[in-house]
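Observations on the three-dimensional arrangement
Below, each chain spelled out in residue letters.
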Amino acid sequence: MEIELLIKKFKNKDAKAFESLYAMYNDSIFGVINNIVKNDDVAMEVTQDVFIKAWNKSESYTSKKGRFFTWLLNIARNAAIDKVRSKSFKNAQQNLDVDFFVHSIETNDSLDQKTNAIGIKKYVGKLAEKCKRIVQYIYFKGYTQKETAEALEIPLGTVKTRNRNCIKELRKALEV
Amino acid sequence: MDINEYIASGILELYVAGALSEEENEEVYAMMLKHPEVTKEVLSIENAITTLAAAMANKDTSAIFEAIKEELNLTDEDADDEPKVIPIAKRNQIFLYVGWAAAIIFAAGLVFSVVQNNSLESEIEVVRAERESLKEKIYEANNDLTAANELLSVLRTKDIISVPLGGQAVSPESYAKVYWDKKSNSIYLDLKGLPEPPPGKVYQVWSLKLNPLTPTSLGTIDEFLTDTDKVFDLENANESEAFGITLEPAGGSESPTLEQLYTLGVVASTP
């Protein structure tokens, strides 16, 4: 089904469309959340909250504001960051911060059953350190260009192009 | 701006990341609508990022959707009536609870009023019975009063001869009174001053002629114990000169047992 139609139905509180969208994005959203909270059980809990939140404010999404995935990604990152900052949350793995996504992909056994598994592991394995960090900041931590530039201590104008080059490598590996 | 240059700028990668301002987002969207190659590029970037992100998922989270559905009260019904169905179903549930609560309260009220009604009915029964017994008492009292009035009017008649009977040797404290209506040949006996006769015995009333002493039985007082005012009436057609009362075996005797003479009184000579 055309994704635009699914999103339209989702905005009209169609449970079936919601289920389809969930099936499309649950892995990505869970991955992003787990990358931040670094705890499988907490990440599942937050994933549930994120999709409930998405359903409850589905009318607020318009394609003019951005991609539907990006909208979900935003909700997920915010919820995960809120969770990490909450009093009840004890983060024991703070130090694994930057290359956590690389680490979790490299050690992800369940990935092997999926398509692109070889490509993505190959990509991650030979990923330059500067790419690991920029992808982590921009996609999985939700940093702005300015924040990314400051964190990487590079000029603001470099962020866009460097990020593009890193994603180009990924696309080559994934053949997309 | 050249479209390839635009794509190469890296803005689309930031667009997918959500790292652009609202204004920039709208610009990119406008470019996507205008240039299919921009849309194609965005989809590719998005595809790469979702795949990368999904590669981090070390757990299958597809089962979570059931929990989400449960929490949101979602059913598998079709889209179009969904937004209406959900709130109505929720409201219905509230009505259901309120309905049940109302039914329970109503039933409790019903039971309560039935119980109340039963107890009121039995109270009415009791009051009705009490009223009946009061009625009877009033009726009896009226009867008693009538009898007393009759007695009084009899005693007040000027032709009545009053004869006091004094206690005799066997029972000195006893006394009695005879009211003799010569016209109607009847006497009234007031026996309040006599003790209760022992079982198997009765009082017998005698009319006496003195010279020579001739007793004539006027009858036995069989209802002494049951009569409350102890006033009795007997017929007396004799020219009595005196009246006596003896205690006799039940059924009475032919002649008075003088040893058991309780009271005796002489009729005053007629003026």
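A quick note: this is a predicted structure, and the numbers were derived from the prediction, not measured.

Reading guide: rules and limits
Residues numbered from 1 in each chain as written. Chains lettered and ligands numbered in written order. Predicted model: local features only at pLDDT ≥ 70, side-chain atom pairs only at ≥ 80, totals over all residues. Heavy atoms only, no water. Pairing = 2+ DSSP bridges. Helix = DSSP H or I, 4+ residues; strand = E, 2+ residues; numbered from the N terminus. Axes fitted to C-alpha atoms, helices over the stretch in contact; angles between N-to-C directions. UniProt positions renumbered as here; feature names shortened; annotations may be inferred. Buried < 20%, exposed > 50% of the residue type's maximum accessible area, 1.4 Å probe, protein only. Patch = residues over 30% accessible without salt bridge, like charges linked within 9 Å, V, L, I, M, F, W, Y side chains within 5 Å. Areas by Shrake-Rupley, 256 points an atom, 1.4 Å probe, with all protein chains shown as cover. Salt bridge = Lys/Arg side-chain N within 4 Å of Asp/Glu carboxyl O. Core = buried A, V, L, I, M, F, W, Y, C linked by side-chain atoms within 4.5 Å. Contact = heavy atoms within 4.5 Å. Buried area = accessible area lost by both parts, 1.4 Å probe. Polar contact = N/O pair within 3.5 Å; in protein donor to acceptor, adjacent residues only side chain to side chain.

1. With respect to the sheet that holds strand β1 (residues 160–167) of chain B
All names here are of chain B. Spatially, the eight strands line up as an open sheet ordered β5-β4-β7-β8-β1-β2-β3-β6, and their pairing is antiparallel. Of all the strands in the sheet, the pair left with one neighbour each is β5 (214–221) and β6 (231–235). Taking the axes of each pair of neighbouring strands and ignoring which way they run, one obtains an average angle of 25° across the sheet. By the bridge criterion, five bridges tie strand β7 (residues 242–249) to strand β8 (residues 261–266) in an arrangement that is antiparallel. Note that in β8 the partner of Ile 245 across the bridge is Thr 263.

2. Side note on the UniProt feature "domain: RNA polymerase sigma-70 region" (unreviewed entry) in chain A
Under the UniProt annotation, "domain: RNA polymerase sigma-70 region" (unreviewed entry) lies at residues 21–88 and 126–172 of chain A. Helix makes up 79% of residues 126–172 of chain A and strand 0%. Its end C-alpha atoms lie 13 Å apart.

3. A few points about the pairing of β6 of chain B
All names here are of chain B. Of the two faces of β6, only one is covered, namely that formed by Phe 232 and Leu 234; the face formed by Val 231, Asp 233 and Glu 235 stays uncovered. Inspection of the sheet shows strand β3 (residues 186–190) paired to β6 by five bridges, in the antiparallel sense. What sits directly across from Ser 186, in β6, is Glu 235.

4. Topic: the UniProt feature "transmembrane region" (unreviewed entry) in chain B
Mapped onto the present numbering, the UniProt feature "transmembrane region" (unreviewed entry) falls at residues 94–115 of chain B. Note that residues 94–115 of chain B is 100% helix and 0% strand, and that its end C-alpha atoms are spaced 31 Å apart.

5. Some words on a nonpolar patch on the surface
On the surface, Leu 96, Trp 100 and Ile 104 of chain B cluster together into a nonpolar patch covering about 360 Å² of accessible area. In this fold, Ile 104 of chain B is placed in helix α6 (residues 82–156).

6. Some thoughts on the nonpolar core
Most often, soluble globular proteins keep nonpolar side chains buried together rather than apart. By size, the foremost hydrophobic cluster in this structure holds 87 residues, and its most contacted members are Val 135 and Tyr 139 of chain A together with Leu 52 of chain B. The leading source of residues in this core is helix α2 (residues 15–37) of chain A, at 12 residues. The contacts of Leu 52 of chain B, once residues within four sequence positions are left out, are Phe 101, Ile 105, Ile 120, Tyr 123, Val 124, Val 135, Phe 140 and Leu 170 of chain A.

7. Re the interface of chain A and chain B
On the chain B side, the residues contacting the 61 residues of chain A number 52 residues. Taking both sides of the interface into account, the surface hidden between chain A and chain B amounts to around 5,100 Å²; carbon and sulfur atoms contribute 64%. Between Glu 13 of chain B and Arg 164 of chain A there is a salt bridge, with its nearest N and O atoms 2.6 Å apart. Remark: the boundary between chain A and chain B carries 16 residue pairs in polar contact (both at pLDDT 80 or more). The biggest single contributor to the side of chain A that touches chain B is α2 of chain A, with 14 residues.

8. A short note on the UniProt feature "coiled-coil region" (unreviewed entry) in chain B
When the UniProt feature table is mapped to this numbering, "coiled-coil region" (unreviewed entry) covers residues 117–151 of chain B. Within the segment residues 117–151 of chain B, helix and strand shares are 100% and 0% respectively, and the terminal C-alpha atoms sit 50 Å apart.

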